[in-house]
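Here's the letter readout for the chains.
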Amino acid sequence: MVTLEKSYGLLNFLNRSHSPVFRQGLGAAAWTGTLAVTGRRGVAGLVRRHFVTDETKDAFRLAGWVLRRGWPGVETVVDDFYDFTAGAEGDDLDALSRFVDQRRHALPEHLWRSDDLFVRAARIHELLDAGERDVADLEAVFRERADALLDVITSATPSSTPAPAGREGDFSLADARTALADLADVLPVEEWGWYVISGTFLGLVREGGFLAHDYDIDVGIDFDAERVERLVRVVGADRRFVVKKVDDAQSVVEVPGGYAMRRDLALVKLIHESGINVDVFVHHREGDVLWHGSSIHRWQNSVFDLAPYDLEGTAVLGPADADRYLTENYGDWRTPVTEFNCTTGTPNLVVTRSFRSVALFLTRLAHFAVRDRKEYEKLRATLVGSGVLREDPDGRLRLDRIV
């Protein structure tokens with residue numbers, strides 16, 4: 001059995017665009033394999049669609065999830081926190097729901113309950129996206145199922161399996177240098193004002209270059225809808241890059257009569273011709289806070305000024321007060337780590353208010369409760385501190401705030 005561990009080389013392959021013949025061939029094979037594992041044409045069709053539409057990374061993640069759930073103990077893809085409902089709606093969710101129910105008694109209880117919560121979250125989000133406001137009945141069941149999962153989590157017995165060792169530093173520095181230089185060529189920094197952030201900025205300040213254990217290049221740009229739309233057009237017209245995805249930060253907000261879905265432009269995902277992934281995070285200012293995120297996560301920083309830097313021979317901008325920025329992001333940023341978790345390793349994480357976010361964070365909490373008690377305690381403290389969970393006088397954890 002081959003287990004695919006996360007690595008730069010693997011992500012480089014998954015991020016690339018693939019030929020129609022390759023995609024159709026993998027799609028057909030995946031459809032056959034998924035049908036054999038699940039017995040459900042709807043699930044098989046969803047997996048095939050991911051491959052055919054060149055969403056290779058998500059396609060392999062979904063196929064890996066199907067295999068792990070259909071044949072427990074068989075690991076081909078190490079991916080414990082995947083939202084398998086991403087991109088699914090209507091009939092897709094019906095098929096996934098039936099498969100999850102079918103596997104209920106074959107899986108550890110925390111896995112089944114986590115999967116069930118994901119499906120319920122996806123259904124609520126689908127209704128909110130369609131304009132429905134009153135989801136009180138579905139929310140009540142969601143809360144009941146979340147509390148049942150929390151009971152399983154707090155009674156979990158930690159595993160004696162040691163935590164995995166850090167991976168080798170396999171990030172292609174040569175490809176990263178080329179991708180960054182090409183980005184500066186197509187988007188001159190003096191015109192566009194983008195800046196390096198997160199792990200890319202950490203590498204620049206601490207190591208004087210890219211981190212050997214990184215996976216991609218992270219840059220930021222201040223929110224301006226018109227400018228971001230123009231950025232997508234300009235980069236998309238350059239043969240050296242492919243615009244893989246434009247993503248929103250999704251949050252659920254209270255409105256008269258119930259809830260509504262709020263979407264904020266959050267991320268432009270670019271793929272360089274070398275396979276290097278370049279994430280352009282859109283930064284939004286709210287008072288003294290500057291935040292960026294994804295469909296699930298949100299990270300907040302104090303508003304920062306920019307200063308010029310040189311990164312591997314390319315002139316870039318970055319936060320002027322490097323120590324403050326990196327401390328907000330990583331705490332002790334001067335001590336290198338080879339395995340980083342964006343959920344528990346970032347003090348500036350703010351849990352997005354949505355049903356999907358709750359499902360994801362409880363899934364992570366359940367995983368850590370069994371596999372890594374140190375990470376469990378850190379994430380538990382984050383969720384209680386942010387008001388997502390509360391601890392009752394009897395010591396039981398309960399879901400508190402969703403929005």
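Now for a look at the structure at hand. The numbers attached to residues start from 1 for each chain and follow its sequence in the written order. Reporting of local features is limited, given that this is a predicted model, to residues whose pLDDT is at least 70; pairs of side-chain atoms are given and counted only at 80 or more, and all residues count toward the totals for whole chains, interfaces and linings. Values shown for side chains rest on all heavy atoms present in the structure; no hydrogens or waters enter the calculation.

Its place among the elements puts Asp 115 in helix 6 (residues 109-129). Think of a polar contact as two N or O atoms within 3.5 Å of one another; within protein, one of them needs to be a possible hydrogen donor and the other a possible acceptor, and neighboring residues in sequence only count if both atoms come from side chains. A distance of 2.6 Å separates the side chain of Asp 115 from the side chain of Arg 69, its partner in a polar contact. With near-sequence residues (within four places) excluded, Asp 115 lies in contact with Trp 65, Arg 69, Phe 84, Val 100 and Leu 107. A helix here means a DSSP run of H or I that spans at least four residues, while a strand means a run of E at least two residues long, and both kinds are numbered starting from the N terminus. Note on contacts: a residue pair qualifies if any of its non-hydrogen atoms lie within 4.5 Å across the two residues.

On to the nonpolar core, then. The biggest cluster of nonpolar side chains holds 60 residues, and the ones touching the most others in it are Trp 65, Phe 84, Phe 142, Leu 362, Leu 365, Leu 383 and Leu 389. With sequence-adjacent residues up to four places away left out, Leu 383 is seen in contact with Val 351, Phe 361, Leu 362, Leu 365, Val 388 and Leu 389. Formed by 47 residues, the second largest nonpolar core is a distinct cluster that contains Trp 192, Trp 194, Val 219 and Tyr 330. Nine residue types can take part in a nonpolar core, namely buried Ala, Val, Leu, Ile, Met, Phe, Trp, Tyr and Cys, and a core is a set of them joined through side-chain atoms within 4.5 Å. Relative accessibility under 20% of the residue-type maximum defines a buried residue, over 50% an exposed one, and the middle range a partly exposed one, all with a 1.4 Å probe and only protein chains included.

What follows covers the pairing of strand 4 (residues 258-272). In terms of residue burial, strand 4 counts as a mostly covered element, since twelve of its 15 residues are buried. Two strands pair when backbone bridges link them, and strand 3 (residues 241-255) and strand 4 are joined in this way by 14 bridges, in the antiparallel orientation. Bridging from a neighbouring strand, Ser 251 pairs with Arg 262 of strand 4. By this definition, two strands are paired if DSSP reports at least two bridges between them. The hairpin formed by strand 3 and strand 4 contains two residues between the paired strands, and Gly 257 there has a positive phi angle of roughly 90°. As judged from the five bridges shared by strand 4 and strand 5 (residues 277-286), these two strands associate in the antiparallel manner. Along strand 5, the bridge assignment pairs Val 268 with Val 280. Where strand 4 hands over to strand 5, the hairpin turn is made up of four residues, of which Gly 275 adopts a positive phi near 100°.

Before going further, it helps to examine the side chain of Asp 218. One can find Asp 218 in strand 2 (residues 216-222). When charges are counted, Lys and Arg contribute as positive and Asp and Glu as negative, whereas His and the chain ends are disregarded. Just to be clear on terms, a salt bridge is a Lys or Arg side-chain nitrogen sitting within 4 Å of an Asp or Glu carboxyl oxygen. For the buried Asp 218, no salt bridge is present, and the opposite-charge side chain at shortest range is Lys 269, 7.5 Å distant. For Asp 218, the residues in contact, after removing those within four places along its chain, are Tyr 195, Val 196, Ile 197, Ser 198, Gly 199, Thr 200, Asp 279 and Phe 281.

A few words on unusual backbone geometry. Negative phi values dominate among residues other than glycine, just as trans dominates among peptide bonds. Backbone geometry places Ser 198, a non-glycine residue, at a positive phi of 50°. Relative to the helices and strands, Ser 198 resides in helix 10 (residues 198-207). On the basis of relative accessible area, Ser 198 is assigned to the buried category, the value being 11%.

Note on method: axes are straight lines fitted to C-alpha atoms, helices fitted across the in-contact stretch only, with angles between N-to-C directions ranging 0 to 180 degrees. Between helix 3 (residues 41-52) and helix 5 (residues 91-102), whose axes approach to 8 Å, the crossing angle comes to 120°. Compared by their axis directions, helix 3 and helix 5 come out oblique. Helix 5 is crossed by helix 3, and the crossing has left-handed handedness. Facing Gly 42, Val 43, Leu 46 and Arg 49 of helix 3, the residues of helix 5 in contact are Asp 92, Ala 95, Leu 96 and Phe 99. Here the term charged refers only to Asp, Glu, Lys and Arg, the term nonpolar to Ala, Val, Leu, Ile, Met, Phe, Trp, Tyr, Cys and Pro, and the term polar to all other amino acids, Gly among them. Across the contact of helix 3 with helix 5, the residue classes break down as five nonpolar, one polar and two charged. In these notes the angle categories are as follows: under 35 degrees is roughly parallel, over 145 is roughly antiparallel, 65 to 115 is roughly perpendicular, and the rest is oblique. We call a crossing left-handed when the near helix sits turned anticlockwise from the far one by less than a right angle, and right-handed when that turn is clockwise.

Another aspect to go through is the pairing of strand 8 (residues 306-311). One ladder, built from six bridges, connects strand 8 with strand 9 (residues 314-319); its direction is antiparallel. Each residue of the ladder has a partner; that of Leu 306, found in strand 9, is Pro 319. Two successive antiparallel strands, strand 8 and strand 9, enclose a turn made up of two residues, where Glu 312 displays a positive phi of approximately 50°.

Scanning the model with the defined rule gives 29 salt bridges in all. The salt bridge partner of Arg 263 is Asp 248, with a shortest N-O separation of 3.8 Å. Here Asp 248 lies in strand 3 and Arg 263 lies in strand 4, a separation of 15 residues in the sequence. A residue is classified by how much of its surface remains accessible, and Arg 263, at 39% relative accessible area, is partly exposed. A single network of salt bridges, built from pairs that share partners, joins Asp 182, Asp 185, Asp 238 and Arg 240.

The next thing to look at is the packing of aromatic side chains. Stacked, edge-to-face and tilted are the three classes for Phe, Tyr and Trp ring pairs, Trp counted by its six-membered ring, which pair at centre distances within 6.5 Å; planes under 30 degrees apart are stacked, over 60 edge-to-face, the rest tilted. Under the defined criterion, the tally for this structure stands at twelve aromatic pairs. On the basis of an interplanar angle of 75° and a centroid distance of 5.8 Å, the ring pair of Phe 84 and Phe 118 is categorised as edge-to-face. One end of the pair, Phe 84, is in the loop between helix 4 (56-70) and helix 5; the other, Phe 118, is in helix 6, with 34 residues separating them in the sequence. Taken together through their ring pairs, the aromatic side chains of Tyr 195, Phe 201, Phe 304, Tyr 309 and Tyr 325 make up a single cluster. Here, a charge over a ring is recorded when the distance from Lys NZ or Arg CZ to the ring centre is within 6 Å and its angle to the ring normal is within 35 degrees. Positioned over the ring face of Trp 112 is Arg 104, at 4.0 Å from the centre of the ring. Stacked on the ring of Phe 361, the Lys or Arg Arg 364 has its end atom at 5.8 Å from the ring centre.

Turning next to the packing of helix 2 (residues 20-38) against helix 3. Packing of helix 2 against helix 3 brings their axes to within 8 Å, and their N-to-C directions diverge by 160°. Judged on the interaxial angle alone, helix 3 and helix 2 are roughly antiparallel. As helix 2 runs across helix 3, the sense of the crossing is right-handed. Seen from helix 2, the contacting residues are Arg 23, Gln 24, Leu 26, Gly 27, Ala 30, Trp 31, Thr 34, Leu 35 and Thr 38; seen from helix 3, they are Arg 41, Val 43, Ala 44, Gly 45, Val 47, Arg 48, Phe 51 and Val 52. In the contact of helix 2 with helix 3, the residues fall into nine nonpolar, five polar and three charged.

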